[in-house]
Amino acid sequence: MTLLTARALTVAIGTRQVVGPLDLDVRAGEVVGLVGPNGAGKSTLMRALAGLAPHGGEIRLDGAPLARLAPGARARRVAHVAQAREIAWGLTVEEVVDLGRLPHRPRFAPRSAADARAVAEAIAAMDLAPLAHRRATELSGGETARVVVARALAQEAALLVADEPTAGLDPAHQIALMRVFRRMASQGGAVVVSLHELGLAARFCDRVILLDAGGIVADASPDDALSPERLAAVYGVTAHVSRDPDGLVLMPTGLVDEREVRP
C-alpha cells in the first residue's frame, strides 16, 4: 500500500526553487533513506512531505491531498522530526513525549489509557526510562535528540519523516534508532529518514533516494543508489563497499580529487 505520493513536487525559498520538480512514492513497510550533500534540498523536501512547507505539484497521504488536510488530521497520519532539537519548556521528558498524543485527544482532555501506553512504548523504544522524570532542559544533546524522536513515535502516525535523527547520537543509539525504524516498517508503517551517515543508510534502508541540487539522482536499492560511482559523482568521495551476512557495509575512505570537491 502506498502511504505517500508526490508528483511534480517543487519547493521554493523566496524566488529560488530549491527542490524539484520530482516524483516519489513511499509504501507501507519501507524505510526510505534520503541522502545527499549539504545544500541538496533534503530538509526542505522533508518539511514539504510533512506538510510544513508550501509546495507546488501534489502530495497525497493515503490518497488524500495533503494540502486539504486539517492540521490535526495531518498529524495523525504523518509525524515529523526536525533537525532543530531545542526544548525550551520546563517539562519532564515524559511530558514532552506526551505532546505527541495531542492530535489524538480533544483539547484539555486528560490522558487516556491509549495515550499512556503510547508514551510508555515510545520512552522504552528510545531508552529514556531512566530520564522520564527529568526536566528536558537538563539533558545532553544526544538525550534531547532521543526525546524528540520519542515524541514523534508517540504520535503513532503511519508515516514518520525524520530529518537527520541520528546526528549527535553515539553509535549504539544510532543503531538502536535505525532498528526502531525497521520495526515500525515491519508493523506496517513507513519511515523517510535523511542521513549523513551513509553506512546506516546502506545497512538499514530498503531504498535510498540520492538527492543533489534539489533533484533525484537515484531512487533505488542501497547497492545501486550508493554505488562507488554515484558517491564519486555526487559527493566527490571514494568508498569501501562490501557485504557481510547482515547486509551492506559502506565506509567513505577518501576524496576523488581535492581540487574538485565542493567546500
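Structure first, text after, so check above.
In short, a report on the structure. What you see is a predicted model; the values in this text were computed from it and never measured.

With that out of the way, let us pick up the pairing of strand β2 (residues 16-27). One ladder, built from eight bridges, connects strand β1 (residues 2-13) with β2; its direction is antiparallel. Opposite Thr2, over in β2, you have Arg27 as the bridge partner. Two successive antiparallel strands, β1 and β2, enclose a turn made up of two residues, where Gly14 displays a positive phi of approximately 65°.

Right, let's talk about the nonpolar core for a bit. Grouped together as the largest cluster of nonpolar side chains are 57 residues, with contacts concentrated most on Val97, Leu160, Phe181, Val193 and Leu226. When sequence neighbours within four positions are dropped, the list of residues in contact with Val193 reads Val31, Val32, Gly33, Leu34, Met46, Ala162, Pro165, Met178, Phe181 and Cys205. In this structure, Leu9, Leu45, Ala48 and Leu49 belong to the second largest nonpolar core, which totals 31 residues.

A sheet is described by the order of its strands in space; here six strands give the open sequence β6-β7-β8-β3-β9-β10, paired in mixed fashion. The open sheet has two edge strands with one neighbour each: β6 (78-81) and β10 (215-220). Strand-to-strand twist of the sheet, defined as the mean angle between neighbouring strand axes without regard to direction, takes the value 15°. Sheet topology note: the strand β9 (residues 207-212)/β10 ladder contains five bridges and is antiparallel. Paired with Asp212 across the bridge in β10 is Gly215. The strands that helix α9 (residues 228-235) touches are β3 (31-35), β9 and β10; relative to β9, the one it contacts most, it runs at about 25°.

Here Ala145 shows up in helix α5 (residues 141-154). Ala145 gets classed as buried once you look at its relative accessible area, which sits at 2%. Each C-alpha atom, one on Ala145 and one on Ala225, is 28 Å from the other, the two residues being 80 residues apart in sequence.

Since the α-helix advances by 3.6 residues per turn, residues separated by three or four positions end up pointing in the same direction. Its 13 residues give helix α4 (residues 113-125) an end-to-end C-alpha distance of 18 Å, which sits within 8% of 18 Å, the value for a rise of 1.5 Å per residue. Among the residues of α4, those classed as buried are Asp115, Ala118, Val119, Ala122 and Ile123. Seen from one end, α4 has its buried residues packed into an arc of 130°, which puts them on one side. Along α4, the residues that are exposed and aim more than 90 degrees away from the buried face are Ala113 and Ala124. Elements that come into contact with the buried residues of α4 comprise α3 (93-98) and α5. Positive phi shows up at Asp127, right after α4, with a value of about 55°.

With antiparallel pairing, the four strands of this open sheet are ordered in space as β2-β1-β4-β5. Edge positions in the sheet fall to β2 and β5 (64-65), since each of these pairs with one other strand and no more.

What follows is about the environment of Val191. One can find Val191 in strand β8 (residues 190-194). Classification of Val191 as buried rests on a relative accessible area of 0%. A C-alpha to C-alpha distance of 4.8 Å links Val191 and Leu160, two positions 31 residues apart in sequence. Beyond its immediate chain neighbours, meaning those up to four positions away, Val191 contacts Glu30, Val31, Val32, Leu160, Phe181 and Met184.

Calculation criteria
Residues numbered from 1 in each chain as written. Predicted model: local features only at pLDDT ≥ 70, side-chain atom pairs only at ≥ 80, totals over all residues. Heavy atoms only, no water. Pairing = 2+ DSSP bridges. Helix = DSSP H or I, 4+ residues; strand = E, 2+ residues; numbered from the N terminus. Core = buried A, V, L, I, M, F, W, Y, C linked by side-chain atoms within 4.5 Å. Buried < 20%, exposed > 50% of the residue type's maximum accessible area, 1.4 Å probe, protein only. Contact = heavy atoms within 4.5 Å. Axes fitted to C-alpha atoms, helices over the stretch in contact; angles between N-to-C directions. Expected span 1.5 Å × (residues − 1). Arc of directions from axis to C-beta.

Function cannot be inferred from these measures alone, as they are strictly geometric.
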